[in-house]
Amino acid sequence: MRMYDLIEKKKLGKELSTEEIYEIINGYTNDEIPDYQISALLMAICFNGMSVRERYDLTMAMRDSGDILDLSSIDGVKIDKHSTGGVGDKVTLVLGPIIASIGVPVAKMSGRGLGHTGGTIDKLEAFPGFNVALSEEEFINQVNKIKIAVTGQSKNLAPADKKLYALRDVTATVDEVSLITGSIMSKKLAAGTDAIVLDVTVGDGAFMKNKDSALELAHSMVDIGKRADKKIAAVLTNMDEPLGFAVGNNLEVIEAINALQGKGPEDLMEVVYALGSQMIVFSGIETDKAKAKALMEKAIEDGSAYNKFIEFIEAQGGDSSFAKDINKFKPAEHIIPVCANEDGYVHALKAESFGLASMSLGGGRETFDDVIDMSVGIVLNKKVGDEIKSGEPICYIHANDLNKAKKAEDMIRNATVIAKDNCGHMQLILDIVE
Ligand code: URA
């Protein structure tokens, strides 16, 4: 069929066949179909959606557009964890070493930050020498040896997604559930693990701004994962305010190191335990989530999680002395408090604006080519639900440029709501889809 006819078919709300979907994805990946026709098709999908069968075919065609990792030579149930993105999200840095220390193989491909959300690969580069580009052999050997490896996404993993995502980004077609499902799940399936635990963030700083849309996405991804014979679950987590206290690369790494030493913020640890207990159950090491959580708590208490983190940093060539002495991380030149102008309770610390404020300090990227300043960011002094007095700091800005700090302060003030009534703390784990 001509591409014109396939666009017409989707425009009329009809289902595309498996062959047609493969033809489209292969044709686009090989530069045989122009952007303008795929743009029209993407918009038709935005209006008419895709059936579960179409979504599955889309995901598999995108997965098959490039390399598929073969992790069969790693012993045990290999597990990946993926977050749909957040502000202050340092979960992988804490969760990975904890569950690896319990014996769960963590074979993880991570990305860089873009826009208001951060990326694990950037944070790992806080350790001088850390290699974020392992070969497939190095990746597999390391997981076999120490149970954990984290690497950047290989260039030829789901190349169809790279092209499609860039096009979706400029054609207002990012926020459609079938397309997001295909994009995320094609990469997860190409990464070759046996089990996948998804952290689907919900709220101001997340892709999905409300629970209904996040649940729809969670069900869609879990459906596709099951059809592909994977063990899969999605945990819906609140991203209305930043996770933990720190936003910004080095600051988040320091918070993660503290968490591995038993000094983690409550909300961060709640997410880590929710995702980790699911991963441990998938691994078969424990069948009961409460017992799995207890194993994780013990791994922190007895130092094995922290020791695993050091081993992991060293295995990838990183300088672990930074993890042993966090004062080695270069601080920003200025640390500026942003203080409350009234008494009351903190009702909102809008996560997206905090992420954008950190980005405006130099801590994030607008485009993939931007270089980030690792030392800048924001450290919260209060969380939503906390009481605050006039003159008390809401947060501290870590900046290397006072003009940028002023701009960040304005953004933070606009993103902070203080009111008289006690609103209580936010519910963090909103749902689990299995
Ligand atoms: N993250 C992805 O990788 N793809 C999407 O489409 C949305 C979020």
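Residues numbered from 1 in each chain as written. Predicted model: local features only at pLDDT ≥ 70, side-chain atom pairs only at ≥ 80, totals over all residues. Heavy atoms only, no water.

### Some words on the overall build of the protein chain
Applicable threshold: The helix and strand labels rest on DSSP assignments: H or I over at least four residues marks a helix, E over at least two residues marks a strand, and numbering proceeds from the N terminus. The reference for a compact globule is 2.2 Å times residues^0.38; the radius of gyration itself is calculated from the C-alpha atoms. Per-residue accessibility, obtained with a 1.4 Å probe over protein chains only, is compared with the maximum for each type, and a residue is labelled buried under 20%, exposed over 50%, and partly exposed between these values. Residues counted as positive are Lys and Arg, residues counted as negative are Asp and Glu, and His and the chain ends are not counted. For this purpose, a charge sits on NZ of Lys, CZ of Arg, CG of Asp or CD of Glu.
What the protein chain contains, in helices and strands, is 17 helices and 13 strands. The C-alpha atoms of the protein chain give a radius of gyration of 22 Å, which matches the 22 Å a tight globule of 434 residues would have. Viewed in the frame of its principal axes, the protein chain has a C-alpha envelope of about 65 × 45 × 40 Å. By the burial criterion, 58% of the 434 residues in the protein chain qualify as buried. Across the protein chain, the 47 positively charged side chains and the 66 negatively charged ones have centroids separated by 1 Å.

### Quick notes on helix H7 (residues 136–146)
For clarity, the cut-off: An arc is given here, and it is the one of the directions from the helix axis to the C-beta atoms. Contact between two residues is taken to exist if any of their heavy atoms lie within 4.5 Å; hydrogens are not considered.
Inspection of H7 places Phe139, Ile140, Gln142, Val143 and Ile146 among the buried residues, and these make up the whole buried set. Buried residues in H7, looked at end-on, bunch into an arc of 165°, giving them a common side. Looking at H7, the residues exposed on the side facing more than 90 degrees away from the buried face are Glu137 and Lys145. Turning to H7, the residues buried within the fold contact helix H5 (91–102), strand E2 (106–110), strand E3 (148–152) and helix H14 (304–315). A positive phi of about 75° marks Lys147, the residue just after H7.

### Points about the site of the ligand
Threshold: For each residue, the test is whether any non-hydrogen atom lies within 4 Å of the molecule or strand; if one does, the residue is near. Contacts described as polar in this section are N or O atom pairs within 3.5 Å, which, within protein, must combine one atom able to donate a hydrogen with one able to accept it, while residues neighboring in sequence count only if both atoms come from side chains. Computed with a 1.4 Å probe, the accessible areas rest on the Shrake-Rupley method; for each residue, only the protein chains presented here act as cover.
Close contacts around the ligand come from Tyr165, Arg168, Ile180, Ser183, Ile184, Lys187 and Phe207, and that covers them all. The contact in question runs from an oxygen atom of the ligand to an N or O atom on the side chain of Arg168, over 2.9 Å. One of the side-chain N or O atoms of Lys187 is found 2.5 Å from an oxygen atom in the ligand. Against a free-state accessible area of 230 Å², the protein chains account for coverage of 88% of the ligand. Those elements giving two or more residues to the shell around the ligand turn out to be helix H8 (159–170) and helix H9 (177–190).

### Section: the packing of aromatic side chains
Put simply, the rule is: Each Phe, Tyr or Trp ring (for Trp, its six-membered ring) is paired with any other whose centre lies within 6.5 Å, and the angle between the two planes then decides the class: stacked below 30 degrees, edge-to-face above 60, tilted in between. Should the NZ of a Lys or the CZ of an Arg lie within 6 Å of a ring centre and within 35 degrees of the ring normal, that charge is described as sitting over the ring.
Going through the model one piece at a time under the given rule, you end up with five aromatic pairs. Aromatic side chains Phe127 and Phe329 sit 5.7 Å apart centroid to centroid with 75° between the ring planes, which places their arrangement in the edge-to-face category. Taken together, the residues Phe127 in the loop between helix H6 (120–124) and H7 and Phe329 in the loop between helix H15 (321–324) and strand E7 (334–339) connect sequence positions 202 residues apart. Relative to Phe312, the ring of Phe130 lies with its centre 5.6 Å away and its plane at 75°, an arrangement referred to as edge-to-face. Placement of Phe130 in the loop between H6 and H7 and of Phe312 in helix H14 is noted, with a sequence separation of 182 residues between them. The burial state of Phe130 is the same as that of Phe312; both residues are buried. Its end group placed over the ring of Tyr56, Arg227 keeps NZ or CZ at 5.9 Å from the ring centre. Looking at Lys383, its charged tip hangs above the ring of Phe245, at a distance of 5.8 Å from the centre.

### Section: the environment of Val200
Here Val200 is to be found in strand E4 (residues 195–202). Given the relative accessible area of 0%, Val200 is considered buried. Along the chain, Val200 and Gly113 lie 87 residues apart, while their C-alpha atoms are 17 Å from each other.

### What to know about the pattern of salt bridges
For clarity, the threshold we go by: We define a salt bridge as a contact between a side-chain nitrogen of Lys or Arg and a carboxyl oxygen of Asp or Glu at a distance within 4 Å.
A full pass over the atoms with the stated rule returns 30 salt bridges. For Arg112, the salt bridge goes to Asp122, with nearest N and O atoms at 2.8 Å. Taken together, the residues span a long stretch of sequence, with Arg112 in the loop between E2 and H6 and Asp122 in helix H6 at a distance of 10 residues. Arg112 gets classed as partly exposed once you look at its relative accessible area, which sits at 34%. Because the salt bridges share partners, they merge into one network encompassing Arg112, Asp122, Glu125 and Arg365.

### Observations regarding the environment of Ala292
With respect to the secondary-structure elements, Ala292 resides in helix H13 (residues 289–301). Separated by 13 residues in the primary sequence, Ala292 and Met279 place their C-alpha atoms 8.9 Å from one another. Ignoring anything within four residues of it in the chain, the contact list for Ala292 reads Ser277, Ile280 and Glu286.

### A short note on helix H3 (residues 35–48)
Spelled out, the test is: One less than the number of residues in a helix, times 1.5 Å, gives the span that helix is expected to have.
Taking 1.5 Å as the rise per residue, H3 with 14 residues should run 20 Å; its terminal C-alpha atoms sit 20 Å apart, in good agreement. For H3, every residue scored as buried is listed here: Gln37, Ile38, Ser39, Leu41, Leu42, Ala44 and Ile45. Buried-residue contacts for H3 involve helix H1 (3–11), helix H2 (18–29), H8 and H9. Gly49 sits one or two positions beyond H3 and adopts a positive phi of about 65°.

### A look at the sheet that holds strand E11 (residues 393–399)
Let me state the cut-off plainly: Should DSSP find at least two bridges between two strands, the strands are taken to pair. Each axis is a line fitted through C-alpha atoms, and for a helix only the stretch in contact is used; angles between axes span 0 to 180 degrees, taken between their N-to-C directions.
Strand order in the open sheet formed by four strands is E6-E9-E11-E7, with antiparallel pairing between adjacent strands. Two strands bound the open sheet, and with one partner strand each, they are strand E6 (246–247) and E7. As paired strands, E7 and E11 are joined by six bridges and run antiparallel to one another. The residue of E11 that forms the bridge with Cys339 is Pro393. Those strands touched by helix H16 (residues 351–363) are E6, strand E9 (377–380) and E11, and its axis lies near 140° from that of E9.

### Some details on the packing of H5 against H13
For clarity, the cut-off: Here is the rule for angles: anything less than 35 degrees is roughly parallel, anything more than 145 is roughly antiparallel, 65 through 115 is roughly perpendicular, and the remaining ranges are oblique. Each residue gets one label: Ala, Val, Leu, Ile, Met, Phe, Trp, Tyr, Cys and Pro are nonpolar, Asp, Glu, Lys and Arg are charged, and the others, such as Gly, are polar.
Two elements in contact, H5 and H13, have axes whose closest approach is 9 Å; the angle formed by their N-to-C orientations is 100°. Here H5 is positioned roughly perpendicular relative to H13, judged by the angle of their axes. Here Leu95, Ile98, Ile99, Ser101 and Ile102 of H5 come into contact with H13, specifically with Leu295, Met296, Ala299 and Ile300. For the contact of H5 with H13, a count of residues per class yields eight nonpolar, one polar and no charged.

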